[in-house]
Amino acid sequence: MKKRGLFIIVCLLLGGCSQKPSLYTEKQQEILKENEVLEIAENDCEQVASLQLMLDEGEFKKEHLNAYCRLQLTTADHVNFLLDHEVSDEDLYGFSSIPYFREENLDRYLKYVGSYEEKVVNVNMNMDLEPFETTSYVSDFSDMTLLVNKFWALPEGYVPDDMVEVKYPCKIGEDYSCTTMSKVVLRQEAEIAYEKLVEAALEEKGIHIVAIAAYRSYEYQRSLYNYYLPIYGQELCDLYYARPGQSEHNSGLAIDITFDHINYTEIANYEAYDWILENMHQFGFILRYPFEKQDITRYGYESWHLRYVGEEAATIMYQNNWCLEEYLARK
């Protein structure tokens, strides 16, 4: 009101003035009028740009008018949610500036120690939880980047409906650890990409890649896990053998490989392996369990385990040296 009074006094001294132009567009004025705060916004709002931002890009809430007019906002994302939860100005600025902030994780973010980027990314990856502490279930099977790990599971009985036989499987008696399974299958999109990878490796470097394992059923994974559990114990078994429903092989998007008749556990020792690491993203594949990412994936290093995610996602992960959890934490 002081600004309005000063304006009137100046006008009288100068012999009259035309009406002061509004600081807001007609659409913005309509919203302010509907909420009966137009006069306050015109005369007592210090951060007009912040209020304009909330009027244009956010959901204006009358009860937060004073905050809009006090804060220097750079985004409207999550501002109302954070104000509703009465976080500090520092937290509001920090969290609203992270595009992958997830409202359902706020309490966990506030407890996590680190920068705002670290809080959001690490909590989104469940780094604040112990393995198997919570379990969510995959529902969108059309997403090639679907996450299956110690926090995300496939529903019991899930069987992909688009699987096809792999064109380049291992050969029993020729390839180390080749199973006696009648056929190796993958989801169709992944299999087509695998064919292209194999053919490119052969043409460019003379590398003969073969699949030693791909899709596994829920029941097969259960029998596998139960077989190794008494042999290795809970901790070591959980490090290398997924529990039923939490195995990527059950998704039909994972494939274990070897090449040139080498023991699959030793392929990282050969020069040809470097070509695979440097080129498989062009065909939509990532190394799912890298050595340097074990604290994030919660699984031991597996040089042979590839995962299909699609060319775009695989390329982003390759360029940023991200594992799947790191990529999805930023979506």
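Residues numbered from 1 in each chain as written. Predicted model: local features only at pLDDT ≥ 70, side-chain atom pairs only at ≥ 80, totals over all residues. Heavy atoms only, no water.

### Considerations on the nonpolar core
Stage number 1. By size, the foremost hydrophobic cluster in this structure holds 40 residues, and its most contacted members are L32, L51 and F60.
Stage number 2. For this core, the element with the most residues is helix α4 (residues 48-57), which contributes five residues.
Stage number 3. Apart from residues lying up to four places away in sequence, L51 is in contact with Y24, L32, A41, C45, F60, L65, Y68 and C69.
Stage number 4. Residues V166, A193, I207 and F285 belong to the second largest nonpolar core, which totals 37 residues. (Core = buried A, V, L, I, M, F, W, Y, C linked by side-chain atoms within 4.5 Å. Buried < 20%, exposed > 50% of the residue type's maximum accessible area, 1.4 Å probe, protein only. Helix = DSSP H or I, 4+ residues; strand = E, 2+ residues; numbered from the N terminus. Contact = heavy atoms within 4.5 Å.)

### Observations concerning empty space enclosed by the protein
Stage number 1. Applying the stated criterion across every chain yields a total of one cavity of 30 Å³ or more.
Stage number 2. Taken as a whole, the largest cavity holds about 30 Å³ of empty space.
Stage number 3. Residue composition of the lining of the largest cavity, grouped by class: three nonpolar, two polar and three charged. (1 Å grid on protein atoms, 1.4 Å probe; cavity = no way out; pocket = protein on both sides within 12 Å on 5 of 7 lines; lining within 4 Å. Points joined across faces, edges and corners; volume = space filled by probe spheres on them. Nonpolar A, V, L, I, M, F, W, Y, C, P; charged D, E, K, R; others polar.)

### Structural notes on the environment of N66
Stage number 1. Take N66: it is sitting in helix α5 (residues 65-70).
Stage number 2. Here the alpha-carbon distance between N66 and H281, two residues 215 residues apart in the chain, equals 50 Å.

### Describing helix α13 (residues 271-279)
Stage number 1. Those residues of α13 that sit buried are A272, Y273, W275, I276 and N279. For α13, the angular spread of buried residues about the axis comes to 155°, placing them on one side.
Stage number 2. Contacts made by the buried residues of α13 are with α10 (188-205), β5 (209-213), β6 (254-259), β7 (285-289) and β8 (302-308). (Arc of directions from axis to C-beta.)

### Remarks on the side chain of E325
Stage number 1. Of note, E325 is situated in helix α16 (residues 324-329).
Stage number 2. A distance of 3.2 Å separates polar atoms of two side chains, one belonging to E325 and the other to N149.
Stage number 3. When sequence neighbours within four positions are dropped, the list of residues in contact with E325 reads M125, L147, N149, R288, I296 and T297. (Polar contact = N/O pair within 3.5 Å; in protein donor to acceptor, adjacent residues only side chain to side chain.)

### With respect to the pairing of β7
Each regular strand shows side chains that alternate between the opposite faces of the sheet.
Stage number 1. The buried fraction of β7 is high, at five of five residues.
Stage number 2. Two elements, β7 and β8, share four bridges in a ladder whose sense is antiparallel. Among the inter-strand pairings, L287 is bridged to a residue of β8, identified as L306. (Pairing = 2+ DSSP bridges.)

### Comments concerning the environment of V121
Stage number 1. Looking at where V121 falls in the secondary structure, it is placed in helix α9 (residues 116-124).
Stage number 2. Residue class for V121 comes out buried when judged on its relative accessible area of 5%.
Stage number 3. Considered as a pair, V121 and K183 are 62 residues apart in the sequence and their alpha carbons are 40 Å apart.
Stage number 4. Aside from chain neighbours lying at most four places away, what touches V121 is Y100, A329 and R330.

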